[in-house]
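Examination of the molecular architecture
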Amino acid sequence: MSSPEDLSKTYDYAEVERRWLDQWRDEDFYFDWESAEPRYVIDTPPPYPTGRLHIGHALNWVYMDIVARYKRMRGFNVMFPQGWDCHGLPTEVKVEEIHGITKNDVPREEFRQMCRDLTRENIEMMRHSLRLMGFSVDWSNEYITMDESYFGLTQASFLRMLKDGYIYQSEHPVNFCTRCETAIAFAEVAYTENTTLLNYFDFDGVEIATTRPELLAACVAVAVHPEDSRYDGLKGKTLTVPIFSHPVPVIEDEAVDPAFGSGAVMICTFGDKQDVIWWKSHNLDLRSAIDQKGVMTALCGRYAGMKAKECREAILSDMKGSGILKRQEELPQRVGTCWRCQTPIEILSARQWFVKVKPDEIISTAKAINWYPEHMLTRLLNWTHQMEWDWCISRQRLFATPIPVWFCEGCGEMILPDPEDLPIDPTVDSPKQPCPKCGSTSFTGETDVLDTWMDSSISPLAIAKWDGKTTPAVYPTQLRPQGHDIIRTWAFYTILRSVALTGEKPWEGIMVNGMVLGEDGFKMSKSRNNVITPDELIDRYGVDALRQWAAVGAAMGSDITFSWNDVVAASRFQTKMWNIVRFSLLQIRKDAPTSAESPAELADRWLLSRLSATVEEVTDALDAYQYDRGLKAIRDFAWSSLADNYLELVKGRLYSDLPSRAGAVFTLKTALDTLCRLLAPYTPFFASECFHHLAGGRIIDQEWPHLDYTDAGAEENGDLLVSVVSELRKYKHEAGLALNAPLGHVTIYTPGISIDDGGDAGRCTNADIEWKPEEPHLDRVLSDITFNMGIIGPTFRKEANAVMQAIRALPPDALEAGVDSVMVNGSEITVPEGAYTPVFSYAIEGEEVDLLTVGIALLAIRTHA
Ligand SMILES: [Zn+2]
Ligand SMILES: [Zn+2]
């Protein structure tokens, strides 16, 4: 270890962090599959390989790294794996951009190879960043979802759920992005607000209001509310659709809102989710007016081939021309759009693959998991309760896990691969046997691929080395850390899949973090110019400052607004701690006592008791994933108890050659050793450096501290001692005395409590201090009388002096009680109220003292002694 022997004056984070990165080996953080120690497996989020780590990733990884380092110190066998969630549209789009092609310009396999190549490059860049930040990732447990070993498991899980009846294919309306040309799940629909036109038109004699006139060709019924008297007699009739002239029935349904538009609505397949519900419950026809590219179908006659928007304009114009368009109104609306490209989604009916959603199963499992913070469970429950459709898992894209299924060209039979042969690509590979039904050897491979969440939702199984069949030995995992933005996707799907595949919950606990907002309180974005990158922060203040910012910036689960002030405060804390360590080491190294002992002095016992309480607080906080609470407790102890109070109290002892000096050295060593351990999960570089100077060795090999110095009496008396010293210092300051100037004699009365501070208070205030566990014996003496000349002068004029003299001559008790009159030259003179004020002071054995009250203590100060 090439650590400088003496601590440099300032803490050079860049040099220290670089040096310690070299000291940590990958093997230091490997999970031990053979270990008998309790395990702590973290089902870490596999990031999408964009090539760059953003500040949100940094926050996530800091949260995970803190718990990983903490649990290792607690003796757990920790797995902190690193996954990469590769598949998906963004990479396809990027590849199209880079190569100036669309996915259909090159053969399917060539396009997929381009996606894999780009993903590998991006993963390499992100790995590099994670390593530079010193995260204690277990690189022996890395997974890449596009690798055969992983997507083979995804396929195995698909086949398993297909066999168990969880997966089925069906012609069913799904959310569809016509730009991306793929189905998407409900969880991928984003919503935006805008204003549209509500068009009132004459529908064969009935007024109808619609926002989607382009769907007129897809109209399959007109619906009214059963109690809407305006439409009595219309039920059961048939109407003719304007322009397209096909007949549609009039139906009644409770869900029609009589107050919307004219109270009569047209049902199209499909304008929205409500249309799907009506279509199902009334067993209506299916008329598809829009295809998967967003183009009007042949059903639309002369509008066929138009884009939906063009068709809307054309139909409205034709309605105007024929005089059936009555009026138009502006209407605010909430539009579902594609999460990826913001194109408004269409609901199209197509053959798709679905996973059955069984809400009861998901809800009972979610409730068996510990949620940190607890209220995040409600979000999952709300989402589960509102699920109306099953999860659509098929996508019409290329860079994804292929659905491992063939169809027999002879008889249509679905052919599945042998699990041993996985992974397969049914568009490339063929079944090994002829069709068992008809003997045909011609097959069509499924071209649809799987939703990316089908890959990532088996992450806890994958890291546990699942074989695709039996529940792994290291299951469930202990923790799922993730953001609250993906509760309805990643958390929801993982729970669903885990129950389906193992009958068990995937994790014992889930820790849900918030999002990082820019300094202006808004989501970080290039257009707002409020983006902070981890690199920028680390360059200026180092990794440990970033880690402290992440830990204290917000309570777990709350969004965290980025603040340079928090980063600066973090850096200042390191400077302060560094100064404490430097000062202390000088003292400790001075003829250090050989035997460790239990310190006897009050200040030592006080600090150690507080230290024990701090260890307990930090332990509790980390067990509850309340990182901010833990770090605040450490900072508070180090800054206030140790630096501001204890060190000031014992400086004199440390500079002396008293036998009790050893107690202070022992206490300091214990405090610093413990602080290094407590800080190790938060600021591993800084803690490593300090610990190395203090004790030698690596902090990552040390155990979490267990202290038993709790001493309620010492805490109470020590608190008093600390307050007494602070009040005496204030007293000196106000008296204009230098801090090291002699103060005189101070008697401290603490009735019924005997305090022995071993001389610390006296040494640090340069006073002669005597503690007395008794009631004070003070004499109250009249020391002066102040006269109010504003009253005395005008009232007594020439006799003023005589009056004042007469007042002075009165006995102290009379003066205190107040007098109405005095005798002057034989005549009684009235003394107005407020003419004088007696001034009393206190004395001990005739010597005058100043008094200070500090808690239960009374301090009598004889400065003149
Ligand atoms: Zn899209
Ligand atoms: Zn067949």
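In what follows, the accompanying structure is described.

About the cut-offs
- Every chain begins its residue count from 1, and numbering advances along the sequence as written.
- Labels are handed out in written order, letters beginning with A for the chains and numbers beginning with 1 for the ligands.
- A pLDDT threshold of at least 70 governs which residues receive local features in this predicted model, and a stricter bar of 80 or more applies before side-chain atom pairs are shown or counted, although totals over entire chains, interfaces and linings include all residues.
- Remark: hydrogens and water are excluded; side-chain values derive from all non-hydrogen atoms of the structure.
- Water is not among the atoms examined, so metal sites may look incomplete; donors are the N, O and S atoms within 2.8 Å of the metal, or within 3.2 Å for Na, K and Ca.
- Each label reflects the angles at the metal, where four donors whose angles all fall between 85 and 135 degrees are tetrahedral, four or six donors whose opposite pairs open beyond 155 degrees and whose other angles stay between 65 and 115 are square planar or octahedral respectively, and the rest are irregular.
- Paired rings are identified among Phe, Tyr and Trp, the last through its six-membered ring, by centres lying within 6.5 Å, and are further divided according to the angle between planes into stacked (under 30 degrees), edge-to-face (over 60) and tilted (the rest).
- Strands are runs of DSSP state E lasting at least 2 residues, helices are runs of H or I lasting at least 4, and numbering of each runs from the N terminus.
- For each residue, the accessible area found with a 1.4 Å probe, counting protein chains only, is set against the maximum for its type, and the residue is called buried under 20%, exposed over 50%, and partly exposed in between.
- For a lysine, the NZ atom is tested; for an arginine, the CZ atom; a charge sits over a ring if that atom is within 6 Å of the ring centre and within 35 degrees of the ring normal.
- We call two residues in contact whenever any of their non-hydrogen atoms come within 4.5 Å of each other.
- Pairing between strands is defined by DSSP: at least two bridges between them are needed.
- The convention used is that axes are lines fitted to C-alpha atoms, helices contributing only their stretch in contact, and that angles between N-to-C directions extend from 0 to 180 degrees.
- Throughout, the term roughly parallel applies to angles under 35 degrees, roughly antiparallel to angles over 145, roughly perpendicular to angles from 65 to 115, and oblique to all others.
- When residues are grouped by polarity, Ala, Val, Leu, Ile, Met, Phe, Trp, Tyr, Cys and Pro land in nonpolar, Asp, Glu, Lys and Arg in charged, and all others, Gly among them, in polar.
- For the purposes of this section, nonpolar cores are sets of buried Ala, Val, Leu, Ile, Met, Phe, Trp, Tyr and Cys residues that join through side-chain atoms within 4.5 Å.
- By convention in these notes, a salt bridge is any Lys or Arg side-chain nitrogen within 4 Å of a carboxyl oxygen on Asp or Glu.

**What to know about the coordination of the zinc ion (ligand 2)**
Ideal geometry at a metal gives 109.5 degrees between four tetrahedral donors and either 90 or 180 degrees between six octahedral ones. Coordination of the zinc ion (ligand 2) by the protein involves Cys 408 (SG), Cys 411 (SG), Cys 435 (SG) and Cys 438 (SG), with metal-donor separations of 2.2 to 2.4 Å. Because the angles between the four donor atoms bound to the zinc ion (ligand 2) fall within 99 to 118 degrees, the donor set is best described as tetrahedral.

**Some details on the packing of aromatic side chains**
Inspection of every chain in the model, using the stated rule, returns 24 aromatic pairs. Relative to Trp 578, the ring of Tyr 11 has its centre 5.1 Å away and its plane inclined at 55 degrees; by these criteria the two rings are tilted. Within this pair, whereas Tyr 11 is found in the segment before helix 1 (13-23), its partner Trp 578 is found in helix 15 (residues 564-589), the two being separated by 567 residues in sequence. Pair check on accessibility: Tyr 11 and Trp 578 agree, each one buried. Considering the side-chain rings of Phe 583 and Tyr 655, the 6.5 Å spacing of their centres and the 80 degrees angle between planes classify their relative orientation as edge-to-face. A residue pair is termed long-range when its members are at least 10 positions apart, and Phe 583 in helix 15 and Tyr 655 in helix 17 (residues 627-655) qualify at 72 residues. The cationic tip of Arg 69 hangs over the ring face of Trp 24; the distance from NZ or CZ to the ring centre is 4.7 Å. Looking at Lys 71, its charged tip hangs above the ring of Phe 76, at a distance of 5.0 Å from the centre.

**Description of the environment of Ala 664**
Along the chain, the position of Ala 664 falls in helix 18 (residues 661-679). Between the alpha carbons of Ala 664 and Pro 599 there is a distance of 7.4 Å; along the sequence they are 65 residues apart. The residues touching Ala 664, leaving out its near neighbours within four places in the chain, are Asp 604, Tyr 646, Val 650, Arg 653 and Leu 654.

**Comments concerning the sheet that holds strand 19 (residues 414-415)**
Spatially, the three strands line up as an open sheet ordered 19-18-20, and their pairing is antiparallel. The open sheet terminates on both sides in strands that have one partner only, identified here as strand 19 and strand 20 (443-445). Taken together, the two bridges between strand 18 (residues 406-408) and strand 19 define a ladder with antiparallel strand orientation. Bridged to Phe 407 within strand 19 is Met 414.

**Points about the sheet that holds strand 5 (residues 167-177)**
Spatial ordering of the open sheet is given by 6-5-14-16, a layout of four strands whose pairing is antiparallel. The open sheet is flanked by strand 6 (182-184) and strand 16 (391-392), the only strands paired with a single partner. Pairing analysis gives two bridges linking strand 14 (residues 346-355) to strand 16, with the strands arranged antiparallel. Of the residues in strand 16, the one forming a bridge with Val 355 is Trp 391.

**Observations regarding the coordination of the zinc ion (ligand 1)**
Taken together, the protein ligands of the zinc ion (ligand 1) are Cys 177 (SG), Cys 180 (SG), Cys 338 (SG) and Cys 341 (SG), with distances of 2.2 to 2.4 Å. Classification of the site at the zinc ion (ligand 1) as tetrahedral follows from its four donor atoms and the range of 103 to 117 degrees in their angles at the metal. One chain supplies every donor for the zinc ion (ligand 1), spaced along it as C-x2-C-x157-C-x2-C. Note that Cys 177 is positioned in strand 5 and Cys 341 in the loop between strand 13 (325-338) and strand 14, a separation of 164 residues in sequence. Given the relative accessible area of 22%, Cys 341 is considered partly exposed.

**Examining the packing of helix 14 (residues 543-552) against helix 19 (residues 684-695)**
In a packed pair of helices, the relevant descriptors are the angle between the two axes and the axis-to-axis distance. Contact geometry of helix 14 with helix 19 gives a least axis separation of 7 Å together with a crossing angle of 120 degrees. Our classification of the angle between helix 14 and helix 19 gives oblique. Two secondary-structure elements touch here, helix 14 through Val 543, Asp 544 and Arg 547 and helix 19 through Pro 684, Phe 685 and Phe 686. Residues belonging to the contact of helix 14 with helix 19 are distributed by class as follows: four nonpolar, no polar and two charged.

**Quick notes on the nonpolar core**
Ranked by internal contacts, the top residues of the largest apolar core, which has 138 residues, are Trp 549, Tyr 627, Leu 642 and Tyr 646. Looking at this core, the element that brings in the most residues is helix 17, giving 13 residues. Ignoring anything within four residues of it in the chain, the contact list for Tyr 646 reads Ala 603, Asp 604, Trp 606, Leu 607, Ser 641, Gly 663, Ala 664, Thr 667 and Leu 668. By size, the runner-up hydrophobic cluster in this structure holds 65 residues, among which are Met 161, Leu 162, Ile 424 and Trp 453.

**Here we look at the pairing of strand 33 (residues 857-862)**
With respect to burial, strand 33 is a largely interior element, six of its six residues being buried. Of the two faces of strand 33, the one lined by Ala 857, Leu 859 and Ile 861 and the one lined by Leu 858, Ala 860 and Arg 862 are each fully buried. Inspection of the sheet shows strand 26 (residues 744-749) paired to strand 33 by five bridges, in the antiparallel sense. Along strand 33, the bridge assignment pairs Tyr 749 with Leu 858.

**A closer look at the pairing of strand 32 (residues 847-854)**
As judged from the three bridges shared by strand 31 (residues 836-844) and strand 32, these two strands associate in the antiparallel manner. When the sheet's bridge partners are listed, Tyr 842 is paired in strand 32 with Val 849. Between strand 31 and strand 32, which pair antiparallel one after the other, the connecting turn spans two residues, and Glu 845 there sits at a positive phi close to 45 degrees. Pairing between strand 32 and strand 33: five bridges, direction antiparallel. Bridge pairing in strand 33 links Asp 850 to Ile 861.

**Focus on the pattern of salt bridges**
What the rule picks out here adds up to 48 salt bridges. In this structure, the salt-bridge partner of Asp 623 is Arg 74, at a minimum N-O distance of 3.8 Å. Separated by 549 residues along the polypeptide, Asp 623 in helix 16 (residues 602-623) and Arg 74 in the loop between helix 2 (55-73) and strand 2 (77-79) bring together distant segments of the chain. The class of Asp 623 is partly exposed, set by a relative accessible area of 34%.

**Here's the deal with unusual backbone geometry**
In this chain, Leu 422 is followed by Pro 423 through a cis amide linkage whose omega measures 0 degrees. As for its position among the elements, Pro 423 is in the loop between strand 19 and strand 20. Backbone geometry at Ser 245 places phi at a positive 65 degrees, although glycine is not the residue there. The residue Ser 245 is located in the loop between strand 10 (238-240) and strand 11 (247-252) in this model. Although it is not a glycine, Asn 766 adopts a positive phi angle of roughly 55 degrees. Checked against the element boundaries, Asn 766 lands in the loop between helix 21 (760-765) and strand 27 (767-772).

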